[in-house]
Amino acid sequence: MVKEMGVHVYRFSLSWTRILPTGIINNVNKAGIRYYSDLIDELIRANVTPMVTLYHWDLPQRLQEMGGWTNPEMISYFEDYARVAFEQFGDRVKIWTTFNEPWHVCEQAYGQDYMAPSYDFPGIPSYLCGHNLLKAHAEAVHLYRNRFLPTQNGKIGITVDTSWQEPKTDSDEDKEASEMGMQFYIGWFCHPIFSNNGNYPQLMIDRIDALSKQQGFPRSRLPKFTLEEIDRIKGTSDFFGINTYTTVLVQKNDRNNTIGHRVPSFQHDMNTVESKDPVWPRGASVWLHVVPFGMYKLLNWIRKEYDNPPVYVTENGYSDYGGTKDIGRVNYYNSYLEAVLDAIEDGCNVKGYIAWSLMDSYEWKAGFTEKFGLYHVDFKNPNRTRVQKTSAKVFARIIRTNKIDWDYQPEPEVFIPSSGNRNLCQVSYTLSLVLFFVALLVR
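Note that the coordinates shown come from a computational prediction; the quantities given were computed from them, not determined experimentally.

### Looking at the overall build of the protein chain
The number of helices and strands found in the protein chain is 14 helices and 13 strands. In terms of principal-axis extent, the alpha carbons of the protein chain reach across some 65 × 55 × 45 Å. Counted over contacts in the protein chain with a minimum sequence separation of 6, partners at least 24 positions apart contribute 74%. Taken as a whole, the protein chain presents about 18,500 Å² of accessible surface, with 50% of it coming from carbon and sulfur.

### Focus: the state of the cysteines
Joining two cysteines, a disulfide is a covalent bond between their sulfur atoms. Applying the stated criterion across every chain yields a total of one disulfide. Disulfide pairing places cysteine 106 opposite cysteine 129 at an S-S distance of 2.1 Å. With the S-S bond torsion at -70°, the cross-link from cysteine 106 to cysteine 129 turns out left-handed. In this pair, cysteine 106 is assigned in helix α6 (residues 102-111) and cysteine 129 in helix α7 (residues 125-152), connecting sequence segments 23 residues apart. Residue classification places cysteine 106 among the buried residues on the basis of a relative accessible area of 0%. Residue classification places cysteine 129 among the buried positions, given a relative accessible area of 0%. The thiol of cysteine 190 is not disulfide-bonded; the next cysteine sulfur, from cysteine 106, is found 13 Å away. Of the cysteine sulfurs around cysteine 348, a residue in no disulfide, the closest is that of cysteine 190, at 15 Å. Judged by relative accessible area, which is 6%, cysteine 348 ranks as buried.

### Considerations on the pattern of salt bridges
According to the stated counting rule, one finds 22 salt bridges in the structure shown. Across the pair arginine 92 and aspartate 41 runs a salt bridge, and its minimum N-O distance is 2.7 Å. One end of the pair, arginine 92, is in the loop between α5 (74-89) and β3 (95-100); the other, aspartate 41, is in helix α3 (residues 30-45), with 51 residues separating them in the sequence. In this structure, arginine 92 and aspartate 91 form a salt bridge, with 3.1 Å as the shortest nitrogen-oxygen distance. Here arginine 92 falls in the buried class, since its relative accessible area comes to 17%. What makes aspartate 91 partly exposed here is its relative accessible area of 48%. A cluster of three or more residues bridged by salt bridges with shared partners is formed by Asp41, Asp91 and Arg92.

So, how was this worked out
Residues numbered from 1 in each chain as written. Predicted model: local features only at pLDDT ≥ 70, side-chain atom pairs only at ≥ 80, totals over all residues. Heavy atoms only, no water. Helix = DSSP H or I, 4+ residues; strand = E, 2+ residues; numbered from the N terminus. Contact = heavy atoms within 4.5 Å. Areas by Shrake-Rupley, 256 points an atom, 1.4 Å probe, with all protein chains shown as cover. Disulfide = S-S within 2.5 Å. Buried < 20%, exposed > 50% of the residue type's maximum accessible area, 1.4 Å probe, protein only. Salt bridge = Lys/Arg side-chain N within 4 Å of Asp/Glu carboxyl O.

Right, dumping it as structure tokens:
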């Protein structure tokens, strides 16, 4: 499928436990190493550049039992894991990301009951998680740059995520809410890395410190970096990876528009309320609305906030409930790619665009009900037959021509529903958990 699409770069994530079953370096799984090594070799034979993410939400259970990312010992364990990956794959992998979506790793796993381990402990452990995660990221980057970069000549960075925070009105208060949302979602992890001064955003520091005092805490719930740690983290990314799908409307929180904010909590600290414009088209996911201008504004915000770093849009995509004539997805990609090109024309230093996802997959809590793939997967067939949707053909043409043609809406590949054990699959690949592809955009 990757070769058929004609993609240039293929992004996938390693599973920590597939390489280190207990999470600790004294037990290396040779079969896991071979699995990824074979995949990387096959990609290179197909003239496709591997882009490899070290951590995509799945922490080895034994390490979680030690406190997970609230335990500072996780910094060393992650560095050990990264060292194994660099040693085994770094001769062929030239683009690395340390963490995928740290906001989800920390807030939705520790502050909320949503992602594993579902602590549902708002306002405290998510900030401990973020603090340790940032230091773990920095140590992995320094390890790579000091020991492996001279011979491997690759790049290493991090991928964060957000929805564009659009002010609900033109009022100064709503504009302040927009900035507050951007600083809490993106600035939490990017300000320490990409800003000139390092450290967390000042408004985040001040807000959480003031609220912590009001709430009776003896110190801020947001941990403090030492000066040495600030310098150690600052500049530890060769590019800015951003995952984004949609836009939300934001306004300041107050007594009149409070919506279920627990105290303390990340949401209460951020002091905003999110909503949707009812006229925005919606995908199958309740949170996903089609708002291309949000992509344009987000890329320009990154350009202005962080002095125009090289940007990879590392995830972007659209969900529906199935079917192969997926015009909604075609229109989504056409409109969002146009927004990316508009941002490039404004001077945004966008180096690549990666679509989620190559084929229909298991979408976390949504299971198999929501489809993001460019390829349809017949989950009723034991062979998991894949066929090209209309969007796959459209995207392949964009990659081939570097042009967007709104009139091009070809018929999808013929899909024959499964019957018995017939194998309708033309070709089958063993792929890793997370599947992406990229088309470098040239105006």
